[in-house]
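# Results of the structural survey
Each chain, letter by letter, is given below.
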Amino acid sequence: MLPLYDAHAHLADSRLQDSLPAILQDCRAHGIKGILANAAHLSEWQAIAKLGEQPDIHPAIGLHPFFIDEWTDDCPARLEQALLATPSTSIGEIGLDAWTSRDELPKQKEILAAQLLVAKKHHRFVSLHNRRTWSDFFEVLKELRITELHGICHHFTGSPEIARKLLDLGLYLSFCGPVTYPDARRIHAAAVFAPSDRILSETDCPDLPPLPCKGQLSRPWHVQFVVETLAALRRISAPLMAEQIEQNWHALVFS
Ligand SMILES: [Zn+2]
């Protein structure tokens, strides 16, 4: 059985709550050794902190760009308080999204900046979501004078040029279900380009199912299909791919 790491799952998502104990049991049965549990809503922070008490679950709290209406002025202070209470907690899922429109970008950028500043202040790594917003993201970093950033670019689909800039900042590139689709040429190119010491696997559970699970809600152990696809694209064995990801997970989470 391959040792598996899911660097981006939403274990506090309401769609999973009824079956969460069984899901966690199945994760262990399928060889899952580590999961980064991300919050999307503010209301999930507490559940994520609780999940983070389990040794193989690493907690990340933050506000996803889809839900910026939940943001209030006291959020940075609440985030800091939560980080101080649990030293292992990271910040995520945070970022920018202009998939449907750019109208909300000014507010998204403000909220991302506030969360990045908390991450920097407390030396925590970040779990980043960026869609059609790379130039905006780099602009935020420039304004904050951030030239180094420890964390993950979740569901990376950008060009080799964007990847280079992210790698230079110190970020990891993470791949999920869509990499398993045969026509995902841009993602395949990124998966080949990513250096072996900066690549991670994830599911975005319960979303983005890999090809063999199309139409289902994804589960953390579906990350196996991602690892196997990454291995095939990079022309190495699946055990070697899993081993590289394991090393990267440890470098990310424990450094
Ligand atoms: Zn996510």
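Right, let's walk through the structure included here. (Residues numbered from 1 in each chain as written. Predicted model: local features only at pLDDT ≥ 70, side-chain atom pairs only at ≥ 80, totals over all residues. Heavy atoms only, no water.)

### A short note on the nonpolar core
Formed by 87 residues in total, the largest nonpolar core has its most connected members in L11, F137, F156, L166 and F175. Counting residues per element, this core draws most heavily on helix α4 (residues 105-121), at 8 residues. Beyond its immediate sequence surroundings of up to four residues, F175 is in contact with F156, I187, A190, A191, A194, I199, L200, S201, E202, V226 and L230. (Core = buried A, V, L, I, M, F, W, Y, C linked by side-chain atoms within 4.5 Å. Buried < 20%, exposed > 50% of the residue type's maximum accessible area, 1.4 Å probe, protein only. Helix = DSSP H or I, 4+ residues; strand = E, 2+ residues; numbered from the N terminus. Contact = heavy atoms within 4.5 Å.)

### A short note on the sheet that holds strand β5 (residues 126-131)
An order of β1-β2-β3-β4-β5-β6-β7-β8 is seen for the 8 strands of this open sheet, with the pairing classed as parallel. Each having just a single partner strand, β1 (4-9) and β8 (199-201) make up the two edges of the open sheet. Ignoring strand direction, the axes of neighbouring strands in this sheet form an average angle of 25 degrees. The pairing of strand β7 (residues 171-175) with β8 spans 3 bridges and is parallel. Each residue of the ladder has a partner; that of F175, found in β8, is S201. Along the sheet face, helix α9 (residues 238-254) touches β1, β2 (32-38), β3 (57-61), β6 (151-153), β7 and β8 and points at about 100 degrees away from the line of β8. (Pairing = 2+ DSSP bridges. Axes fitted to C-alpha atoms, helices over the stretch in contact; angles between N-to-C directions.)

### Some points on the state of the cysteines
Evaluation of the coordinates by the stated rule reveals 0 disulfides. C153 forms no disulfide, and the closest cysteine sulfur to it belongs to C176, at a distance of 12 Å. In this structure C176 comes out as buried when scored by relative accessible area, which is 2%. (Disulfide = S-S within 2.5 Å.)

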